[in-house]
Amino acid sequence: MTASDDTAAPWLSIVGIGEDGLDGLSTAARALLAKAELIVGGPRHLALVAALAKPTQAWEIPFAASLPKLLAQRGKRVVALCSGDPFWYGAGSVIADSVPAAETLALPAPSSFAFAAARLRWRLEETTTLGLHARPLDLLRPHLHNAARLIVLARDGAAPAKIAAYLTGLGFGPSRLTVLEALGGARERVRATTADDFALDDIQSPVAVAIEAIATPGAIIMPRIAGLPDDLFQHDGQLTKREIRAITLSTLAPRGGELLWDIGAGSGSIGIEWLLAHPTNRAIGIEPREDRLANARANAASLGVPHFDLRLGSAPEALQDLPTPDAVFVGGGASRDGVLDAVWQALPRGGRLVVNAVTLETEAELIAQQARHGGSLLRLAVERAGAVGGMTGWRAAMPVVQWSAVK
């Protein structure tokens, strides 16, 4: 390939391949493989095209280690093989982060999700699809409710049993599981069981697990709106209570694809519900106490957002070099010198800030900040009915003063 040819056409083709190998490829994909000077892919992919007798290079573990070697092939005609649709929980998106679009050509094949839905006769647009090859099972939690349908791509043959145990532990033991192996190829096998009666063995990769969720009476199903029950969180009292949390989340207004700073994270409840609001949201939590940080991490895992980025530290020092936030919540440490000034400076134009205070000292600081920057002040008081002697009366929680502003 000459230099002019290299600039005129992509050097890297990202080709999806199924379990039927060469027979299932389109004419265009076969033409790219015929011209390839190098084929890269996983060992299973390379075995499917071994008949072509082309030079090959296997992906490394971790996958990111393969990218420098792939980029070193720039100037050759290279085909990167990926399972099914390379951009649906596939390697294509990782490759695309490192190679400009003008240098690549992508040809997808039917995904495992498409094959699974076809075998099950499920509406794919009404089915939750998750790739858990290298991600924790806790990500299943927010999607579990009665009659939910999920198709999950699993890491290996041992993963379906772990999924079954996880579901059973959450009170979803009666859920129907369909294990789908090597879909679309000669090794295809489909077997069904329930989570609490799972005994399938000799499960071969690649494997998908379809879940038809059925909850037992004791299962805790997570609501889809802000304000999770307080008893879902481990805490030592440092918890933004349910009613205040719901108002706080409403004011923070998560919109998807946004980053939250949760300063003084405590039990992590605000950051957790921010992440639950949309799967593309991100959150960084700053907490100065190790015991509370441990609670926050445990809560994030148990409530289905193990990707919550929780860090030990105190503001404002811990805020240095963090990526620019779209919104900031300050639930602790607002009265420390420089915290609110640093937060305001870090916010971009249009960024949202919400600060909750329960002490008079912090309340005075919020009044001063509102006078300087504008925004709204809100005083929130909640009373709950409880036992008073042998009767019932109202018990008031500490009032919360909330300052919110848009920069």
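Here, every reference points to the structure presented above.
Bear in mind that the values here come from a model prediction, so they are computed numbers and not experimental data. Every residue gets a number counted from 1 within its own chain, in the order that chain's sequence is written. Per-residue local features are limited, in this predicted model, to residues with pLDDT of at least 70; the limit for side-chain atom pairs, both in listing and counting, is 80 or more; totals at the level of whole chains, interfaces and linings are taken over all residues. Only hydrogens and water are set aside; all other atoms, that is, all heavy atoms of the structure, feed into the side-chain values.

(A) Just helix α11 (residues 339-346), in detail. Taken as a whole, α11 has its buried residues at V339, L340, V343 and W344. Across the axial projection of α11, the buried residues extend over an arc of 125°, all falling on one side. Accessibility here uses a 1.4 Å probe with only protein chains present; expressed as a share of the type maximum, an area under 20% marks a residue as buried, one over 50% as exposed, and anything in between as partly exposed. Secondary structure elements are taken from DSSP: a helix is a run of H or I of four residues or more, a strand is a run of E of two residues or more, and numbering for both begins at the N terminus. Directions from the helix axis toward the C-beta atoms define the arc.

(B) A look at the nonpolar core. Ranked by internal contacts, the top residues of the largest apolar core, which has 26 residues, are L140, L150, V152, L167, L177 and I211. Where this core is concerned, the elements lending two or more residues are β7 (149-154), α7 (159-169), β8 (176-181) and β10 (207-212). Ranked by residue count, the leading element in this core is α7, at 5 residues. Only heavy atoms matter for contacts: two residues are in contact if any of them lie within 4.5 Å across the pair. Leaving out residues up to four positions away in the same chain, I211 has contacts with W122, L140, A148, R149, L150, V152, I163, L167, S175, R176 and L177. The nonpolar core is taken to be a set of buried Ala, Val, Leu, Ile, Met, Phe, Trp, Tyr and Cys residues, with the residues joined through side-chain atoms within 4.5 Å.

(C) Here's a closer look at the sheet that holds strand β2 (residues 38-41). Spatial strand order, β3-β2-β4-β1-β5: 5 strands in an open sheet with parallel pairing. Strand pairing shows two members of the sheet lacking a second neighbour, β3 (56-58) and β5 (104-107), which therefore form its edges. The average undirected angle you get between the axes of adjacent strands in this sheet is 20°. Relative to β5, strand β1 (residues 12-17) runs parallel, the two sharing 4 bridges. Its bridge partner lying in β5, I14 is registered against A106. The rule for pairing is simple: two strands pair if DSSP sees at least two bridges between them. Only the stretch in contact is used when fitting a helix axis, every axis being a line fitted to C-alpha atoms; angles between N-to-C directions are given from 0 to 180 degrees.

(D) Structural detail: the environment of G24. Mapped onto the elements, G24 comes out in the loop between β1 and α2 (27-35). Placed 321 residues apart in sequence, G24 and Q345 show a C-alpha to C-alpha distance of 56 Å.

(E) Broad picture of the packing of aromatic side chains. Two aromatic rings, drawn from Phe, Tyr or Trp (for Trp, its six-membered ring), form a pair once their centres lie within 6.5 Å of each other, and the interplanar angle then sorts them: stacked below 30 degrees, edge-to-face above 60, tilted otherwise. All told, the structure shown has 4 aromatic pairs when counted by the stated rule. Between W59 and F63, the ring centres sit 4.7 Å apart and the planes meet at 65°, which makes this aromatic pair edge-to-face. On the basis of relative accessibility, which here comes to 15%, the residue W59 falls in the buried class. Relative to W403, the ring of W344 has its centre 6.2 Å away and its plane inclined at 25°; by these criteria the two rings are stacked.

(F) Summary view of the sheet that holds strand β6 (residues 128-131). Strand order across the open sheet formed by 5 strands is β6-β7-β10-β8-β9, with mixed pairing between neighbours. Edge positions in the sheet fall to β6 and β9 (189-194), since each of these pairs with one other strand and no more. Strand-to-strand, the axes of this sheet are offset by a mean angle of 20°, without reference to chain direction. Sheet topology note: the β8/β9 ladder contains 6 bridges and is antiparallel. Paired with T178 across the strands is A192, a residue of β9. Sheet contacts for helix α6 (residues 112-120): β6, β7, β8 and β10; angle to β7, the most-contacted strand, approximately 135°. Strand contacts of α7: β7, β8 and β10, with the helix running at about 20° to β10, the strand carrying the most contacts.

(G) Representation of the packing of α11 against helix α12 (residues 360-373) in the model. Between α11 and α12, the least distance of the axes is 11 Å, while the angle of their chain directions is 35°. Judged by the sense of rotation from one axis to the other, the crossing of α11 with α12 is right-handed. Side by side, α11 and α12 meet where L340, D341 and W344 of the first sit next to E365, L366, Q369, R372 and H373 of the second. The residue makeup of the contact of α11 with α12, split by class, is 3 nonpolar, 2 polar and 3 charged. Helix crossings get a hand from a simple test, with the near helix turned counterclockwise from the far one by less than a right angle marking a left-handed crossing and a clockwise turn marking a right-handed one. Each residue gets one label: Ala, Val, Leu, Ile, Met, Phe, Trp, Tyr, Cys and Pro are nonpolar, Asp, Glu, Lys and Arg are charged, and the others, such as Gly, are polar.

(H) Molecular detail of the environment of H278. Within the secondary structure layout, H278 lies in the loop between α9 (269-277) and β12 (282-287). Residue class for H278 comes out partly exposed when judged on its relative accessible area of 31%. H278 sits 225 residues away from A53 along the chain, and the two C-alpha atoms are 46 Å apart. Excluding residues within four positions of it along the chain, H278 makes contact with G256 and G257.

(I) The arrangement of the pairing of β2 in detail. Because side chains alternate across β2, one face comprises the buried residues L38 and V40, and the other comprises I39 and G41, equally buried. Inspection of the sheet shows β2 paired to strand β4 (residues 78-83) by 3 bridges, in the parallel sense. Bridging across to β4, V40 finds its partner in A80. The pairing of β2 with β3 spans 3 bridges and is parallel. Residue G41 lies in a different strand from β3, and its bridge partner there is A58. Remark: the β2/helix α3 (residues 43-48)/β3 crossover connection has right-handed handedness. Whether a crossover is right-handed depends on one test, that the path from the first strand over the helix to the second runs clockwise when the strands point away from the viewer.

(J) Quick look at unusual backbone geometry. The amide bond that connects I61 to the next residue, P62, takes the cis arrangement and shows omega of 0°. As for its position among the elements, P62 is in the loop between β3 and α4 (67-71). With an omega of -5°, the peptide bond between S205 and P206 qualifies as cis. Along the chain, P206 falls in the loop between β9 and β10. Despite not being glycine, R121 has its phi angle at roughly 60°, a positive value. Along the chain, R121 falls in the loop between α6 and β6. R121 sits in the exposed class, given a relative accessible area of 76%. With a phi angle near 75°, A147 is a residue other than glycine that sits in the positive phi range.

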